[in-house]
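Chain by chain, the residues:
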Amino acid sequence: MLWTYLIIGAVGLVVLLILFRMVWRVAEPNEALIISGLGAHSSAEQINETLGFKIVVGRGTAVLPGFQTVRRLPLDIRATPLTVTCVSSQGIPLHIKGVTAYKVGDDYGSIANAARRFLEQSDEQVMSTIHELFAGHLRAIVGSTTVEEMLHDRETLTTNIRGSLAGDMEKLGLVVDSLQIQEIDDESGYIKNLGRPQAAAVEAAARIAQAERDREATEREQVAAAAKAAAVRQSSIAQAGYQAEVDQANSKAQQSGPLAEALARQEVVVAETETAKLNASLAEKQLESTVLKPADAEAYRQRTLAQAARDAQIAAAEAQAREVTLRGEAQAKATELNGKAEASAVQAKAMAEAAGIKARAEALATNTDAVVAQQLAEAYPEIVAAAASSFEKVGNMVVLNGAQGIEDTLVKTITMGGSGFALAKQLIESLSAKPNGQQPTLESVPDETA
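Residues numbered from 1 in each chain as written. Predicted model: local features only at pLDDT ≥ 70, side-chain atom pairs only at ≥ 80, totals over all residues. Heavy atoms only, no water.

As annotated in an unreviewed UniProt entry, the chain is Putative membrane protein YqiK from Kribbella caucasensis. Per UniProt, the chain has the following entry under Subcellular location (unreviewed entry): "Membrane". If you open the UniProt record of the chain and go to Sequence similarities (unreviewed entry), you find "Belongs to the band 7/mec-2 family. Flotillin subfamily." (UniProt positions renumbered as here; feature names shortened; annotations may be inferred.)

Q: Summarise the pairing of strand β6 (residues 78–87); cite the residues concerned and give the values.
A: Inspection of the sheet shows β6 paired to strand β7 (residues 93–104) by 10 bridges, in the antiparallel sense. Across the sheet, Val87 pairs through a bridge with Pro93, a residue of β7. Taking the residues between adjacent antiparallel strands as the criterion, β6 and β7 are bridged by five residues, where Gly91 takes a positive phi near 80°. (Pairing = 2+ DSSP bridges. Helix = DSSP H or I, 4+ residues; strand = E, 2+ residues; numbered from the N terminus.)

Q: A description of the confidence of the model for the chain should follow, citing residues and the corresponding values.
A: Here the chain shows a mean pLDDT of 75. Residues at 70 or above account for 76%. Of the regions scoring below 50 in pLDDT, residues 434–450 engages in 20 contacts with residues more than four places distant in sequence or in other chains. (pLDDT = per-residue confidence, 0-100. Contact = heavy atoms within 4.5 Å.)

Q: Please give an account of the sheet that holds β6 that cites residues and values.
A: On the basis of which strands lie adjacent, the open sheet formed by three strands has the order β6-β7-β8 and antiparallel pairing. The open sheet has two free edges, formed respectively by β6 and β8 (174–185), since each of these has just one partner strand. For this sheet the average axis-to-axis angle between neighbouring strands, irrespective of direction, equals 25°. As paired elements, β7 and β8 share 10 bridges and run antiparallel to each other. Note on β8: the bridge partner recorded for Tyr102 is Val176. Sheet strands touched by helix α5 (residues 154–172): β7 and β8. Its angle to β8, the strand with the most contacts, is close to 145°. (Axes fitted to C-alpha atoms, helices over the stretch in contact; angles between N-to-C directions.)

Q: How would you explain the environment of Ala135 if you had to name every residue and give the values?
A: Position of Ala135 among the secondary structure elements: in helix α3 (residues 123–142). Taking the C-alpha atoms as reference points, Ala135 and Cys86, separated by 49 residues in sequence, lie 8.8 Å from one another.

Q: So what about the pattern of salt bridges? Which residues, and what values?
A: Counted by the stated rule, this structure contains five salt bridges. For Glu212, the salt bridge is made with Arg215, and the minimal N-O distance between the two is 2.7 Å. Residue Glu212 and its partner Arg215 are both found in helix α6 (residues 190–254); the two are separated by three residues, about one turn of the helix. Given a relative accessible area of 32%, Glu212 falls into the partly exposed group. Linked by salt bridges that have partners in common, Glu212, Arg215 and Glu219 make up one network. (Salt bridge = Lys/Arg side-chain N within 4 Å of Asp/Glu carboxyl O. Buried < 20%, exposed > 50% of the residue type's maximum accessible area, 1.4 Å probe, protein only.)

Q: Give me the side chain of Ser36: which residues, what numbers.
A: By secondary structure assignment, the location of Ser36 is in strand β2 (residues 31–37). With relative accessibility at 18%, the residue Ser36 sits in the buried group. Here the side chain of Ser36 touches Arg71 through a polar contact of 3.4 Å, side chain to side chain. Those residues in contact with Ser36, other than ones at most four positions away along the chain, are Gly52, Phe53, Phe67, Gln68, Thr69 and Arg71. (Polar contact = N/O pair within 3.5 Å; in protein donor to acceptor, adjacent residues only side chain to side chain.)

Q: Describe the sheet that holds strand β3 (residues 53–57), and please don't skip the residues or the numbers.
A: Overall, antiparallel pairing links the three strands, which are arranged β3-β2-β5 in an open sheet. Each edge of the sheet is formed by a strand with only one pairing partner; in this case those strands are β3 and β5 (68–74). Looking at each pair of strands side by side, their axes are set apart by 25° on average, direction ignored. Two strands pair when backbone bridges link them, and β2 and β3 are joined in this way by five bridges, in the antiparallel orientation. Paired with Ile35 across the bridge in β3 is Lys54.

Q: Give a description of the packing of α3 against α5 that names residues and reports values.
A: Where α3 meets α5, the axes come as close as 9 Å, and the angle between the chain directions of the two elements is 140°. One finds that α3 runs oblique with respect to α5. For α3 against α5, the interelement crossing comes out right-handed. Across from Ile130, Leu133, Phe134, His137, Leu138, Ile141 and Val142 in α3, the residues of α5 making contact are Leu157, Asn160, Ile161, Ser164, Leu165, Asp168, Met169 and Leu172. Here the contact of α3 with α5 is composed, by residue class, of 11 nonpolar, three polar and one charged. (Parallel < 35°, antiparallel > 145°, perpendicular 65-115°, else oblique. Left-handed = near helix turned anticlockwise from the far one by under 90°. Nonpolar A, V, L, I, M, F, W, Y, C, P; charged D, E, K, R; others polar.)

Structure, rendered in structure tokens:
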């Protein structure tokens with residue numbers, strides 16, 4: 001009984017799984033399930049408008065067999081080649097080839113638009129529609145563009161085409177992933193002629209480059225040829241050198257006998273020369289020890305004695321010169337001191353005499369008679385001598401009463417009144433004014449007594 005229940009339960013489970021498999025549908029990542037029929041409506045969260053079908057993307061859903069229908073809409077990318085004949089803004093017919101990649105948009109609105117338009121169509125029908133749509137927009141864009149602009153800026157051409165297609169593609173629920181213009185050609189040769197200047201420039205540059213390469217190749221060939229010639233020359237020189245060495249070796253081999261004999265004689269001569277040099281050196285040593293060294297010793301002794309005698313004479317002369325110098329310096333110092341002493345004495349004597357003269361002059365001014373009498377007494381010998389000198393030129397003079405008469409005459413002369421006094425004063429002034437050693441002269445005084 002238990003086994004019956006188990007079998008019935010297992011059969012029921014299998015039936016349920018089969019029924020679930022028949023009812024449950026799962027959307028693959030690159031497709032959308034479009035479910036229509038009883039109770040198949042889109043929610044407000046999916047799209048703003050109410051649809052008569054249900055869209056399921058990336059998940060599973062239950063489908064009632066016989067009451068609902070499920071169809072699959074591919075969401076993967078597709079590519080369509082484009083071949084369009086159009087005319088540029090310059091009126092030049094062009095053949096444009098390209099390729100576009102498109103797909104259904106990922107949002108529910110794009111899926112709904114694509115489902116309404118392409119759900120039951122084949123890939124060829126969809127591609128034909130896309131091709132015609134692209135061809136129309138491409139002709140419109142090319143008709144407002146020059147050939148040069150399309151050739152030089154294809155990115156702008158592509159951008160303009162995609163911008164023009166955006167609105168129509170959105171209505172179809174499609175999105176352009178890529179659009180490429182592969183080829184632009186014309187039957188008139190316009191594009192070919194446009195490229196000729198550039199081609200000519202490129203050809204000229206190529207020819208110039210080829211000429212430069214040829215020149216460089218020629219230069220390198222010449223350098224290589226010169227290097228080759230130098231290598232050949234060096235090889236010839238080396239070969240000549242080797243040949244010269246071989247010839248020299250052969251010559252040496254041929255002359256080895258005479259050369260050996262000559263070398264033997266040369267060795268004998270060298271040995272004899274060395275012997276002669278040794279004998280000469282021995283004789284020189286003997287001469288040096290027996291003659292030169294004693295002579296050098298005697299000469300050294302004589303030079304030493306002469307040098308000592310000369311040094312002694314120089315020392316004596318220097319001492320004598322020093323003595324003379326010191327004696328001269330002492331005499332000069334003594335002379336200087338004597339001169340200073342004499343000058344001091346003369347100065348002191350002159351000052352004393354000047355003071356005496358001044359004192360006599362002052363005394364004479366205050367007490368003339370007393371001073372004159374005193375000076376007469378002091379200068380009596382000079383006065384007598386002066387008086388006597390006045391008779392030097394007298395040839396003959398008769399003196400009465402002899403010496404007594406002369407004395408009386410002098411006394412009278414000296415002692416007479418004013419005239420005698422005047423004469424004495426004159427004598428005193430003369431004595432004061434005359435330097436030492438000069439005798440005063442007695443001037444004649446008129447005889448007032450006569």
